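Residue strings, one per chain:
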Amino acid sequence: MENRAYVGDYDVNGTSPDYGTTNIANSQILVTTPGTQPTESGRPPREKWSKNIEFLLSCVALSVGFGNVWRFPYTAYKNGGGAFVIPYLIVLFIIGRPIYYLEMVLGQFSNRGCVKVYDLAPAMRGIGVGQTIAIFIVLTYYTSVLAITLRYLVPSFSPELPWSKCDPGWTNCVDSALKGNFSLGPNVTQPQTSAELFFKKTVLHAAATLDNGLGYPDWKLTLCLIIAWICIIAILIKGIKSSGKASYFLAIFPYVIIAILLVRSLTLEGAWTGITYLFQPQWDKLLTIGIWYEAVTQCFFSLSICFGAQIVYSSFNNFSNNIYKHALIITSLDTVTSLIAGCVVFGVIGHLAHITGQSDMSKVVQGGAALTFITYPDTIAKFDFIPQFFSVLFFFMLFLLGIGTLIGIVTTVITAIHDQRPDITRWKIVIGVSLAGFAIGLIYITPGGLIVLDVLDYYGVTLVTLTLAVFELFTFAWIYGVNRICKDIEFMLDIKTGKFWRICWGVLTPSTLLCILLISLYRYKAQEVSFGFNAFGWCLYSLAVLQVPCWAVYSVLKTGHGEFTFDRLKAVFQPKSSWGPEDPITRTNYSEYIEQYKRQFSEQHSPRTRQLINVVFH
C-alpha cells in the first residue's frame, strides 16, 4: 500500500514555493531543503532531523553499543584474539562499509523506511518485513541485557561490591577480592569466584537446562526492565526531535568513560599481555570458515547494518545531506571504538591472568555474557583503589550504549509500522511496541532465559540477517542496479561514485555474503537445547525468510487483473511510479533525469557481456 503520508501525488506542471528545485542542465544538481508545508495529498512531509549533527550522533549512538563493548571482545576472545581481528577488519572494509553507505543512500534518497524502501522493487518488500521481524527479536532481548546492566549498576554504589565476597550459602566459592592462586582443598576441582556465583545465583537464578521449564522472572530484573523501557519511551515519545537531542549525551559521554577505563586498564599489571593476545594473529586460524562467519555477524551487530535501522535514520535526512562523509566518519569511528573496547577488556583479562597465575590466556575466562558480567566485575573487585567508582563507570557506560542503540532499534520498528499505517498516532505505536517488547523481554530474565536468548539470537537474528542480507544486496545491486544507484547519488549529492563502491556493491560484497551463508548452512550444528527449541528456532527463521516469496506472490497478484503475464511479473521488479525523492518537484525533475539516462544507455549497442560489466564498472 502506498504511503501517502510521505509520498503524495503530484502535478507535473505544478509549482510550490515551499519545495526545492533541481537544475539538471550539465548534470549540476541544486536541491534546496523541502519546506514543512503539507504535500498535495494534504498530509505533512516526513519528519526531519533538526540538525545534521543530530543525525551523525544518533548514528554513532546506534552503531556504537553492546556490539562493540560486549560482543566484540568476547567474540575475539573465543576466536583466538588476533586471529579474529584481521578477518574482522577485512570484512568491515569489503562488507560493512559498502553496505552501510548503500543503506544510507537509499534511505535518504527515498525518505522511506526499511519496508517502504522496497518500492524500488515491490516484489522484494518481504526483505524489509523479515528484517523488521529480526530487529524486533533483537529489541526484546537487548532490553533484557540492559536490565541486567542496570541490576549491576545500582549495587555498584554500595560500600562493598556485593560480588566481591562469597555468600555463606555458596559452596566451592572463592572471594573475587582475593588475589593470586587459591585452593579449597583436595576434593574441590572446579572452584567458582563470588562474581560468577553472584551472576548465576543472585542476579539470574540461572538454570543449567530447560528440563524444568523457564521459571519465573526475577522481580528485581523485572523492575530494571521497566525502568529501561520508561527511559526509551521518554526519549521516543516525541519522535526524532527528542531522540536527536538525547543523542548528544548518549553518543559523546560514553567515550569519556571509555577513555577513563582505558587509562585504568593500561596501568594494570599484566594488562599488556592481554592486549598483545588481542592483536597477535594466529595465522592458521585464518583459513577456517568459522572465524570469517563470526567476523561477518560481528560486523552486522557492530554497525547495525542489514537490520533496516540505517535506512530508517537516513530517511529523516534532508535530501542533499552529505551522507558520504557521514558514512566514512561513522564506520571509521565504530572500528576504532571496537578496538579500544577490546584493549580495555583484554587489558583486564591480562591483569586477571597475572594475579591468578594463569599463563594460558585462552583459559582465563568464559565467553559470552560471562565476559562482561563475571570477568569484569571479578577483576574490579580486586582493585585496590575505589573499585566502586570503576564499577559505576563501566556499567553506566554499558547502560548508555545500550539505550543509544535501542533508540535506533525501536525507531526502526515504529517507522515500519507507521509507514504502513500513518493514520495511527505515533505515540500509540511507541506505547504498543514498548508493551510488546516488555512482555516478551520477561522471558529472558527467567532462570532459563539466557538459554532461550541464545536460541533466538542464532536462528531468529544471526541466520535471518545473513540470509536477508544476501537478498538485500541482490535487490539493490542487480534488480535495481548499481548504475541506477550511482545515478541517484549523482542526482542527490552531485558526486561521482568510485569503482571501489561499484565493485563491492555489484560483485564482492554479495558474493562474499552468499559464500559465507551457504557454508554456514552446510556446517550447521544444532544448539545445545532440546529438539523442540531447535525446531522453534527454524520456525522463527522460516517466518522471517519466507516473507520474501510471500510478498513477491502478493505483489504479482495485486498488479493488474486477469491472467498471469510476463509483463505483470516484470512490473513488480521495477520501481513504482511514486519512487524517488519525497518532494514532488524534485521527484518530477528526477524522473526526467532518469528518462534521459535510460535513453542514453539504450543507445549503446554493446554486446550483452559488455553491458553486464558496465553495470558494475562503467
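Keep in mind the model is a prediction, meaning the values are calculated, not measured.

Cut-offs used in this document
- Residues numbered from 1 in each chain as written.
- Predicted model: local features only at pLDDT ≥ 70, side-chain atom pairs only at ≥ 80, totals over all residues.
- Heavy atoms only, no water.
- Helix = DSSP H or I, 4+ residues; strand = E, 2+ residues; numbered from the N terminus.
- Contact = heavy atoms within 4.5 Å.
- Areas by Shrake-Rupley, 256 points an atom, 1.4 Å probe, with all protein chains shown as cover.
- Phe/Tyr/Trp six-rings, centres within 6.5 Å; stacked < 30°, edge-to-face > 60°.
- Buried < 20%, exposed > 50% of the residue type's maximum accessible area, 1.4 Å probe, protein only.
- Disulfide = S-S within 2.5 Å.
- Axes fitted to C-alpha atoms, helices over the stretch in contact; angles between N-to-C directions.
- Parallel < 35°, antiparallel > 145°, perpendicular 65-115°, else oblique.
- Left-handed = near helix turned anticlockwise from the far one by under 90°.
- Nonpolar A, V, L, I, M, F, W, Y, C, P; charged D, E, K, R; others polar.
- Salt bridge = Lys/Arg side-chain N within 4 Å of Asp/Glu carboxyl O.
- Core = buried A, V, L, I, M, F, W, Y, C linked by side-chain atoms within 4.5 Å.
- Polar contact = N/O pair within 3.5 Å; in protein donor to acceptor, adjacent residues only side chain to side chain.
- Patch = residues over 30% accessible without salt bridge, like charges linked within 9 Å, V, L, I, M, F, W, Y side chains within 5 Å.

Some remarks on the overall build of the protein
Item 1. Each helix and strand in the protein was counted, giving 21 helices and two strands.
Item 2. Sequence-distant contacts, at least 24 apart, represent 82% of the contacts inside the protein between residues at least 6 apart.
Item 3. Just so you have it, the protein exposes about 25,300 Å², and 63% of that area is on carbon and sulfur atoms.

Quick notes on the packing of aromatic side chains
Item 1. A full pass over the atoms with the stated rule returns 45 aromatic pairs.
Item 2. Geometrically, the ring pair formed by Trp49 and Tyr313 is edge-to-face, given 5.3 Å between the ring centres and 85° between the ring planes. You can see Trp49 sitting in the segment before helix H1 (52–63) and its partner Tyr313 sitting in helix H10 (residues 309–315), a full 264 residues away along the chain. Take Trp49 and Tyr313: they sit in the same class, and that class is buried.
Item 3. When the centroid spacing of 5.6 Å and the interplanar angle of 80° are considered together, the rings of Tyr152 and Phe198 count as edge-to-face.

Notes on the state of the cysteines
Item 1. Under the definition given, this model contains one disulfide.
Item 2. Disulfide pairing is shown between Cys166 and Cys173; the S-S distance is 1.9 Å. Looking along the S-S bond of the Cys166-Cys173 disulfide, the torsion reads about -90°, which is the left-handed sense.
Item 3. Not part of a disulfide, Cys306 finds its nearest cysteine sulfur in Cys299, a span of 8.4 Å.
Item 4. Assessed through its relative accessible area of 1%, Cys306 is described here as buried.

Brief notes about the packing of helix H2 (residues 66–78) against helix H3 (residues 82–110)
Item 1. Put simply, H2 and H3 touch, their axes get as near as 7 Å, and they point 125° apart. Here H2 lies oblique to H3, going by the angle between them. In the crossing of H2 with H3, the sense of the turn from one axis to the other is right-handed. When H2 is examined against H3, the residues Phe72, Thr75 and Ala76 are found in contact with a partner set consisting of Phe84, Val85 and Tyr88.
Item 2. For the contact of H2 with H3, the class distribution of residues is five nonpolar, one polar and no charged.

Section: the pattern of salt bridges
Pairing is possible between side chains of opposite charge, provided their charged atoms come close.
Item 1. Enumeration according to the criterion identifies eleven salt bridges in this entry.
Item 2. Across the salt bridge formed by Glu196 and Lys200, the nearest N and O atoms sit 2.8 Å from each other. With Glu196 and Lys200 both in helix H5 (residues 194–203) and four residues apart, the pair spans about one turn of that helix.
Item 3. When its relative accessible area of 29% is taken as the criterion, Lys200 is described as partly exposed.
Item 4. Arg421 is paired through a salt bridge with Asp423; the nearest N and O atoms lie 2.8 Å apart.
Item 5. Residue classification places Arg421 among the partly exposed positions, given a relative accessible area of 40%.
Item 6. We classify Asp423 as exposed; its relative accessible area is 54%.
Item 7. Through salt bridges with shared partners, a single ionic network connects Arg112, Lys116, Asp119 and Arg125.

Brief notes about the nonpolar core
Item 1. Grouped together as the largest cluster of nonpolar side chains are 185 residues, with contacts concentrated most on Tyr101, Tyr152, Leu261, Phe300, Trp505 and Leu513.
Item 2. It is helix H15 (residues 449–493) that provides the largest number of residues to this core, a total of 25 residues.
Item 3. Setting aside residues no more than four positions away along its own chain, Trp505 makes contact with Pro98, Tyr101, Leu102, Leu473, Ala477, Val482, Ile485, Cys486, Ile489, Thr497 and Pro510.

A closer look at the side chain of Gln310
Item 1. Tracing the chain through its elements places Gln310 in helix H10.
Item 2. On the accessibility criterion, Gln310 (0% relative accessible area) is buried.
Item 3. Only 3.4 Å separates the side chain of Gln310 from the side chain of Ser63, close enough to count as a polar contact.
Item 4. Here Tyr100 takes part through its side chain, which lies 3.2 Å from a polar atom of the side chain of Gln310.
Item 5. The residues contacting Gln310, other than those within four sequence positions of it, are Cys59, Leu62, Ser63, Tyr100, Glu103, Met104, Leu303 and Ser304.

Concerning the side chain of Thr331
Item 1. Considering the arrangement of structural elements, one finds Thr331 in helix H11 (residues 323–356).
Item 2. Judged by its relative accessible area of 3%, Thr331 is buried.
Item 3. With near-sequence residues (within four places) excluded, Thr331 lies in contact with Arg97, Tyr100 and Leu303.

Regarding H5
Item 1. Burial analysis of H5 places seven of its ten residues in the buried class, the great majority of the element.
Item 2. When H5 is considered as a whole, its buried residues turn out to be Ser194, Ala195, Glu196, Leu197, Phe198, Phe199 and Val203.
Item 3. Two residues or fewer after H5 comes His205, characterised by a positive phi angle close to 50°.

Here's the deal with a nonpolar patch on the surface
Item 1. Together, Trp219, Leu223, Ile226, Ile227 and Ile230 give the surface a local cluster of nonpolar side chains, amounting to about 510 Å² of exposed area.
Item 2. When you line up the elements, Ile230 lands in helix H6 (residues 219–236).

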